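# Coordinate inspection notes
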Amino acid sequence: MINTTLCYVEQDGKYLMLHRIKKEGDLNKDKWIGIGGKFEDKESPEDCVLREALEETGLELIRPRYRGIVTFVSDRYETEWMHLFTADQFCGTIKECDEGVLEWIEKDRLYGLPLWEGDKIFLRLLEEDTPFFSLKLSYEGDKLLEAVLNGEVLP
């Protein structure tokens, strides 16, 4: 089981998105995602999201909001628990990221970008300000087979 974080940093109706185009063998290659990464030993979800945001963007997040947990099940990869955050307060200056290109994207433009199908589900939950949630996404390759929100299968 892998534990990761993902954070959508918000400003002026936009999210800071990472276009994953630089890393070899990246399972997110060519996709647009939020910022985050794998836990290090002894880290909490909050520790991890703060460290990853600083490493990937140069930004220091102020009180990121823990929004939910997403369980990814795949026929290709180990099961992953992704701890999902948003942050609308930060300080620092954006730096170049070695995993891809960072860009502020209007929230209403996100769905036209190459995203994982499941990401569209949790982005909608964030937009709707859904209370803390558990979302299970099952994939076969890049194809989303099933989404289960708080124990109930989504249509």
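About the thresholds
Residues numbered from 1 in each chain as written. Predicted model: local features only at pLDDT ≥ 70, side-chain atom pairs only at ≥ 80, totals over all residues. Heavy atoms only, no water. Phe/Tyr/Trp six-rings, centres within 6.5 Å; stacked < 30°, edge-to-face > 60°. Helix = DSSP H or I, 4+ residues; strand = E, 2+ residues; numbered from the N terminus. Buried < 20%, exposed > 50% of the residue type's maximum accessible area, 1.4 Å probe, protein only. Salt bridge = Lys/Arg side-chain N within 4 Å of Asp/Glu carboxyl O. Core = buried A, V, L, I, M, F, W, Y, C linked by side-chain atoms within 4.5 Å. Contact = heavy atoms within 4.5 Å.

## Brief notes about the packing of aromatic side chains
Applying the stated criterion across every chain, the model contains seven aromatic pairs. Relative to tyrosine 15, the ring of tyrosine 8 lies with its centre 5.1 Å away and its plane at 50°, an arrangement referred to as tilted. Judged by centre distance (5.1 Å) and plane angle (85°), the rings of tyrosine 66 and phenylalanine 132 are edge-to-face. Linking tyrosine 66 in strand S6 (residues 65-74) with phenylalanine 132 in the loop between helix H2 (117-127) and strand S10 (133-140), this pair joins segments that are 66 residues apart in sequence. According to the relative accessible area criterion, tyrosine 66 is partly exposed, its value standing at 27%.

## Overview of the pattern of salt bridges
Scanning the entire structure with this criterion turns up twelve salt bridges. A salt bridge links glutamate 106 to lysine 14; its shortest N-O distance comes to 4.0 Å. In this pair, glutamate 106 is assigned in strand S9 (residues 101-106) and lysine 14 in strand S2 (residues 14-19), connecting sequence segments 92 residues apart. You can call lysine 14 partly exposed: its relative accessible area is 27%. One network of salt bridges, with partners in common, ties together Glu40, Glu43, Arg51, Glu52 and Glu55.

## Points about the nonpolar core
Formed by 39 residues in total, the largest nonpolar core has its most connected members in Tyr8, Phe122, Leu135 and Leu137. Of all the elements, H2 adds the most residues to this core, at five residues. Each residue touching tyrosine 8, except ones within four places of it in the same chain, is listed here: Tyr15, Met17, Gly34, Leu84, Phe85, Thr86, Ala87, Asp119, Phe122, Leu123 and Leu126.

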